[in-house]
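One letter stands for each residue in the lines below.
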Amino acid sequence: MQKIKSLMARQGLKSPQENVHDLSPVENFRIPSKEELRELREQPTDPQAQQEIINSIEEVYFSNDSFDIVKYELEKLPPVLSLQEMEEYRDKLKQQQAAVSKKVADLILEKQPAYVKELERVTSLQTGLQLAAVICTNGRRHLNVAKEGFTQASLGLLANQRKRQLLIGLLKSLRTIKTLQRTDVRLSEMLEEEDYPGAIQLCLECQKAASTFKHYSCISELNSKLQDTLEQIEEQLDVALSKICKNFDINHYTKVQQAYRLLGKTQTAMDQLHMHFTQAIHNTVFQVVLGYVELCAGNSDTKFQKLQYKDLCTHITSDSYIPCLADLCKALWEVMLSYYRTMEWHEKHDRDEGTVSSSVSDGNNVIGAEETNFDRSYVQKKLEHGLSRIWQDVQLKVKTYLLGTDMSNFKYDDFIFVLDIISRLMQVGEEFCSSKSEVLQESIRKQSVNYFKNYHRTRLEELRMFLENETWELCPVKSSFSILQLHEFKFMEQSRSPSVSPSKQPVSAISTTITLFEQYCNEGNPFEIQVNSKDDETEDVLASNGYESDEQEKSAYQEYDSDSDVPEELKRDYVDEQTGDAPVKSVSRETLRSRKRSDYNLNKVNAPILTNTTLNVIRLVGKYMQMMNILKPIAFDVIHFMSQLFDYYLYAVYTFFGRNDTFESTGLGLSSSRLRTTLNRIQESLIDLEVSTDTTGTLTAAEERKEKVPSPHLSHLVVLTSGNTLYGLAERVVATESLVFLAEQFEFLQSHLDAVMPAAKKPFLQQFYSQTVSTASELRKPIYWIVAAKAIDYEQMLLLMANVKWDVKEIMSQHNVYVDALLKEFEQFNRRLNEVSKKVRIPLPVSNILWEHCIRLANRTIVEGYANVKKCSNEGRALMQLDFQQFLMKLEKLTDIRPIPDKEFVETYIKAYYLTENDMERWIKEHREYSTKQLTNLVNVCLGSHINKKARQKLLAAIDDLDRPKR
């Protein structure tokens, strides 16, 4: 170090150790002597060699400044010293020292400019520090002056003002804390006022304020109290939300929703709301049913409250079943209406919010808007999903109630009322969530099928009783009578929903289609039990004595008291064929008058012909259709039972008035094959022909017999054997035409039945109409044939014809007596027909059939009389033609039927007398309508005189061949 100092001294540099105390201790270095410098110069200058010498220095020399070199070297000396070794070691140390010194010197010389520059900076810093010391001294002096003159006076005032401000802030905080302490009272008042949004807003503000003053110890307890209050508000809010389920109030619900939105629990509120609706449905139905069960039980026994709802429903009595069902549906309607109005509120609220959000578009509120949209979407989906859930719960509750009671013994009106209520409920479901109500349909279908089977079986038995006690007298109804005038068919007068009867339906509901929710949104209930409108309406269908008015009745009988309808020549015992031709003018007048009253209606308006039993059947059909209209799934069963009503009525009319094996065996085709098939089908499927019950029969056979009805028997009060009444013609007309009228009503109802009939079952309906309903009018032929067969004494005519001599030798100009006798019979028949028509209107088709039957039988009797002739000449054949022409001429004045039935049958037979042998053979083969006896008589009597025996045998053989297939 001394060497360095000496080097610095030689270069004229001043040591800074006087002024700078923290510099490196370079003053400890020794400055090399001249000899040492010389030695340094003598040292090799090879840097590599110099570096090797430095590297050979022991590591311990570089450790620290406290290292004692002398002691270290002395301790290294060996026990036996050697001068030469020591000198060599000394020289080595000197070389190392010299290398280090040279290295240091080189480094000093290398860093000298930087050293000089740094030394100058130190010197400059020293000068700056001295100047700063002077400035600080002056500042302290001035501060002492300011302290004495300004701080103690003016700044003291400022300190006091600051203290005052702090105290004012403290007072404000204390007042806020005091307000917070009193907040619970105001919160209670707001909850009592149901101002839930205000209460929550206040509570949240209090919590925010409490968090601001949480450094006060009194606030921690208040904060927990506010949290408890907030939880209490949420509980009361949940209770308020549950009240919405039974009685929706817009203001109330708006407050509740605002409160939940402030809490940020919109989705939770919706979940809770659906839970409350489910609970409300359960509690409502249970309380309604429980109330009726306890009311019917007549005591306050609490055992019913412990029963399950399903078991509770089984305790409902028949008398309280309908009121309970109505109240049940009314209560459920209130719940569903509340849900409907809840959805309505949300839709309106969403629209309003959407309008506001679209008009105010602020970029800072994007996140809030997204959260609101998410909540809105969640609420919408939850409400839509809740529709089907709530309706399913309603269906299950009502289904349990429906199946809890056996309704098979209910009155018809009661059961229809039940169906009507359920139908309204299904309509509610359709409007509520577009549901087809499969659960309700299946449950009511089971009850309906069970009820309807029992009901129909009873009605069939009643119908049998009515038919057996029916005297077949005319039930007087007005000419304007229509089945739509009956109460049972009121539902068909206008297209209406099954929920409201026409009398209960407002005009606006008919003209404009509105839903039940729209109609009863604000007031009323679609399940209100109203007084039956039948009490206020009367069926104006009955006429007085069969006339629309007394004047019509009087004028009709005054006009019909005379015999003016009957031609004068027919009133005489003898009709001269020369004067029998009436003037054309007279004939036309009589014909017109005859045509005017050709249906023997006494100038009555053409009122329908029906009986009380017919009316009863029509009413039954209306009741069946009511049930079918309300409950379409059982349409096939109902229509099947309706067809049985018609089948049984048709079978009864045929059995009473049309069954006669004698006349059916004539082969005149009175009963068509279709009619016979229909009657056989009815007898096999519906009529129980067994008199005694067979106890040994199988269960299946017993069930089949249970579905059948015994064949009805005609009342003993109905007399069909008197000739004066034309063998019960009035009763036959009433019975047959009432059946035809019934068929017409079924035809009228066909389109309505077809509309409700399942597609798979429509062939049954078509077959019923084509094979049964359409055959009703075909019963006229066999029924009126019996009257025609007995009304004219055909046997007497045969006897009179047998007394006529047909083998006369000259052409006669006078017809035979049997013609007059036959015309007298027809005149008497016409009078009796007029007498009957005073009791019962005889429709034109009926009178035509009667006349046709009588004329047909008369003509066939004439042919039969001609076939009994033993001998006949050509003049006799001319007499036959004369007789028949006289008969036709007089007959045409009595009837308007054209052409005369079987006219050709007689004329062809008479003309056959003139045929040759060859023509006769061909004629026999072409005319199979004649009997074997009649054909044989032609061959034997007429041709026997001018053909040989062989030819006669040949013709008889041909006749026998024709007769063989018939046998």
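Residues numbered from 1 in each chain as written. Predicted model: local features only at pLDDT ≥ 70, side-chain atom pairs only at ≥ 80, totals over all residues. Heavy atoms only, no water.

Under an unreviewed UniProt entry, the chain has the name VPS50 subunit of EARP/GARPII complex and belongs to Terrapene triunguis.

A few points about helix 9 (residues 250-263)
Quick reminder of the rule: Only runs of H or I of at least four residues qualify as helices and only runs of E of at least two qualify as strands under DSSP, and these elements are numbered from the N terminus. What a helix should span is 1.5 Å times the count of its residues minus one. Exposure classes here rest on a 1.4 Å probe applied to the protein chains alone. A residue is buried below 20% of its type maximum, exposed above 50%, and partly exposed in between. Directions drawn from the helix axis to the C-beta atoms are what define this arc. In the analysis that follows, any N or O atom pair within 3.5 Å is treated as a polar contact, provided that within protein one partner can donate a hydrogen and the other can accept it, and provided that, for residues neighboring in sequence, both atoms belong to side chains.
Between its first and last C-alpha atoms helix 9 spans 20 Å; for 14 residues at 1.5 Å apiece the expected length is 20 Å, and the two agree. Residues of helix 9 that are buried: His252, Tyr253, Val256, Gln257, Ala259, Tyr260 and Leu263. Taken around the axis of helix 9, the buried residues stretch over an arc of 160°, which confines them to a single face. Its side-chain oxygen 3.3 Å from the backbone nitrogen of Asn251, Asp249 forms the N-cap of helix 9. Phi turns positive one or two residues past the end of helix 9, at Gly264, with a value near 75°.

Some words on the confidence of the model for the chain
Going by this rule: Each residue gets a pLDDT score, which is the predictor's confidence in that residue and runs from 0 to 100. Between two residues, a contact is recorded if the distance between any of their heavy atoms is within 4.5 Å.
In this model, the chain carries an average pLDDT of 77, and 76% of its residues clear a pLDDT of 70 or more. Long-range and interchain partners of residues 11-29, a stretch whose pLDDT sits below 50, account for 24 contacts in this model, where long-range means more than four residues apart.

Points about unusual backbone geometry
In this structure, the amide linkage connecting Arg898 to the following residue, Pro899, adopts the cis form with an omega of -5°. One non-glycine residue, Trp472, lies in positive phi territory at about 55°.

A few points about the packing of helix 29 (residues 794-802) against helix 30 (residues 817-839)
We apply this condition: Between N-to-C directions, angles span 0 to 180 degrees; the directions come from axes that are lines fitted to C-alpha atoms, helices contributing only their stretch in contact. An angle counts as roughly parallel when it lies under 35 degrees, as roughly antiparallel when it exceeds 145, as roughly perpendicular when it falls between 65 and 115, and as oblique in every other case. In this scheme the handedness of a crossing depends on how the near helix is turned from the far one: anticlockwise by less than a right angle means left-handed, clockwise means right-handed. Residue classes follow a fixed rule: Ala, Val, Leu, Ile, Met, Phe, Trp, Tyr, Cys and Pro count as nonpolar, while Asp, Glu, Lys and Arg count as charged, and any other residue, Gly among them, counts as polar.
Taken N-terminus to C-terminus, the directions of helix 29 and helix 30 make an angle of 170°; their axes are 9 Å apart at the nearest point. The pairing of helix 29 with helix 30 is recorded here as roughly antiparallel in orientation. At the point where helix 29 passes helix 30, the crossing takes the right-handed sense. Of helix 30, the residues touching helix 29 (which contributes Met797, Leu800 and Met801) are Tyr818, Ala821 and Leu822. Split into classes, the residues belonging to the contact of helix 29 with helix 30 amount to six nonpolar, no polar and no charged.

Quick look at a negative patch on the surface
Defined as follows: A patch consists of residues exposed above 30% relative accessible area that lack any salt bridge, with like charges linked at up to 9 Å and nonpolar side chains (Val, Leu, Ile, Met, Phe, Trp, Tyr) linked at up to 5 Å. All accessible areas in this document rest on Shrake-Rupley with a 1.4 Å probe, and a residue is counted as covered only by the protein chains that are shown. We define a salt bridge as a side-chain nitrogen of Lys or Arg found within 4 Å of a carboxyl oxygen belonging to Asp or Glu. Charge convention: Lys and Arg are scored as positive, Asp and Glu as negative, and His as well as the terminal groups of each chain are ignored. Charged groups are reduced to one reference atom each: NZ for lysine, CZ for arginine, CG for aspartic acid, CD for glutamic acid.
On the surface, a cluster of negative charge is made up of Glu344, Glu347, Glu384 and Glu518. Its place among the elements puts Glu347 in helix 12 (residues 318-359).

Considering the nonpolar core
Looking at soluble globular proteins, one finds that nonpolar side chains tend to be buried together. So the rule is basically this: Residues grouped as a nonpolar core are buried Ala, Val, Leu, Ile, Met, Phe, Trp, Tyr and Cys residues, joined through side-chain atoms within 4.5 Å.
Among the nonpolar cores identified, the biggest contains 220 residues, and Phe826, Tyr866 and Phe887 are the most heavily contacted of them. Beyond its immediate chain neighbours, meaning those up to four positions away, Tyr866 contacts Met801, Trp806, Tyr818, Met880, Asp883, Phe884, Val906, Tyr909, Ile910, Tyr913 and Asn937.

Some points on the environment of Asn918
Positionally, Asn918 belongs in helix 34 (residues 917-926). Residues Asn918 and Leu955 lie 37 residues apart in sequence; the distance between their C-alpha atoms is 9.4 Å.

Digging into the pattern of salt bridges
All told, the structure shown has 27 salt bridges when counted by the stated rule. For Glu118, the salt bridge identified is with Arg121, shortest N-O distance 2.6 Å. Placement of both Glu118 and Arg121 in helix 5 (residues 83-181) is noted, with a separation of three residues, approximately one turn of the helix. A salt bridge links Glu462 to Arg459; the shortest N-O distance between them is 2.6 Å. Of this pair, Glu462 and Arg459 both sit in helix 15 (residues 438-469), three residues apart, which is roughly one turn of that helix.

Structural notes on the side chain of Asp902
Tracing the backbone through its elements, the reader meets Asp902 in the loop between helix 32 (874-894) and helix 33 (903-911). Those residues within four positions of Asp902 in sequence are excluded, and the remaining contacts are Arg856, Asn859 and Arg860.

Points about the side chain of Arg780
Structurally, the position occupied by Arg780 is in helix 28 (residues 780-791). On the basis of relative accessibility, which here comes to 13%, the residue Arg780 falls in the buried class. Within the structure, the side chain of Arg780 is placed 2.6 Å from the side chain of Glu737, a separation counted as a polar contact. The residues touching Arg780, leaving out its near neighbours within four places in the chain, are Thr736, Glu737, Val740, Trp785, Pro845, Val846 and Ile849.

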